[in-house]
Amino acid sequence: MDRFDFSPLFRSTIGFDRLARLVDTATRVDSTALSYPPYNIEKTGEDSYRLTMAVAGFSQDELDITVHENTLIVTGKSEKEDEDGRYLHRGIARRAFERRFSLADHLKVTGASMDNGLLHVDLVREVPEAMKPRQIKIAGSEPTRKQVIEQKAA
């Protein structure tokens, strides 16, 4: 069974259509798209992550990183080289690619760098102050009105 039916869940919920798209995207498997270029995702801190992609042969000008609606898109477009038959074997793939990563809420890209053919994209979770837990102080120790009414002794 490779498909899940979430329609009963979505009949009684509102605003979870992003979850439906996320599940649908995750269940679609294209083995050729998942293999190039290879990448690592690592947790570098409590709320920080790093995506590392092997982009050998690409220059910084040939790579593009975009964040759009909780989706990180990394695109590589190689400039055409002269194919005059000088290669006896060509094992370094410089084909164009587009990789998409779904980002969790409040995850922001803080920077990108390239080192020795590896593209590093740093991300951090920045939860807004309004969303963070907060402590509520309890005012005064005396009740504002009497809780027990005195009864006359019989």
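From a predicted model like this one, the values you see are computed outputs, not experimental measurements.

Draft legend 1. Highlighting the nonpolar core. Counting residues in hydrophobic clusters, the biggest one holds 16 residues, and the most contacted among them are L51, M53, V55, L72, V74, F97 and L119. When contributions to this core are tallied by element, the ones reaching two or more residues are β2 (48-54), β4 (71-76), β5 (97-102) and β7 (118-125). Ignoring sequence-local partners within four residues, the contact set of M53 consists of P37, P38, Y39, V74, F97, R99, F101, G117, L118 and L119.

Draft legend 2. Spatial organisation of the side chain of R99. You can see R99 is positioned in strand β5. Among the polar contacts listed, one links the side chain of R99 to the backbone oxygen of P37, at a separation of 3.5 Å.

Draft legend 3. Summary view of the sheet that holds strand β1 (residues 39-43). One open sheet holds the 4 strands; their spatial order is β1-β2-β7-β6, and the pairing between them is antiparallel. A single partner strand is all that each edge strand has here, and the edge strands are β1 and β6 (107-115). Adjacent strand axes in the sheet meet at a mean angle of 20° when their direction is disregarded. As paired strands, β1 and β2 are joined by 5 bridges and run antiparallel to one another. Looking across to β2, one finds that N40 is bridged to T52.

Draft legend 4. Representation of the sheet that holds strand β3 (residues 63-67). As summarised here, the arrangement of the 3 strands in space is β3-β4-β5, forming an open sheet in which the pairing is antiparallel. Looking at which strands have only one partner, the edges of the open sheet turn out to be β3 and β5. When the angles between neighbouring strand axes are averaged without regard to direction, this sheet yields 15°. Relative to β4, β3 runs antiparallel, the two being bridged by 5 bridges. Paired with I65 across the strands is V74, a residue of β4.

Draft legend 5. Structural detail: the environment of H106. Examined against the element boundaries, H106 turns out to sit in the loop between β5 and β6. The exposure class assigned to H106 is partly exposed, which follows from its relative accessible area of 28%. When the C-alpha positions of H106 and R125 are compared, they lie 5.5 Å apart, and in sequence the two are 19 residues distant.

Draft legend 6. Structural context of the pattern of salt bridges. Enumeration according to the criterion identifies 4 salt bridges in this entry. The residue D47 makes a salt bridge to R125 at a minimum N-O spacing of 3.9 Å. Linking D47 in the loop between β1 and β2 with R125 in strand β7, this pair joins segments that are 78 residues apart in sequence. Residue R50 is joined to D122 by a salt bridge in which the shortest nitrogen-to-oxygen separation is 2.7 Å. Of the two residues, R50 sits in strand β2 while D122 sits in strand β7, which places them 72 residues apart along the sequence. With relative accessibility at 25%, the residue R50 sits in the partly exposed group. Overall, D122 belongs to the partly exposed group, its relative accessible area being 22%.

The rules behind these values
Residues numbered from 1 in each chain as written. Predicted model: local features only at pLDDT ≥ 70, side-chain atom pairs only at ≥ 80, totals over all residues. Heavy atoms only, no water. Core = buried A, V, L, I, M, F, W, Y, C linked by side-chain atoms within 4.5 Å. Buried < 20%, exposed > 50% of the residue type's maximum accessible area, 1.4 Å probe, protein only. Helix = DSSP H or I, 4+ residues; strand = E, 2+ residues; numbered from the N terminus. Contact = heavy atoms within 4.5 Å. Polar contact = N/O pair within 3.5 Å; in protein donor to acceptor, adjacent residues only side chain to side chain. Pairing = 2+ DSSP bridges. Axes fitted to C-alpha atoms, helices over the stretch in contact; angles between N-to-C directions. Salt bridge = Lys/Arg side-chain N within 4 Å of Asp/Glu carboxyl O.

These results come straight from atomic positions and should not be treated as a statement about function.
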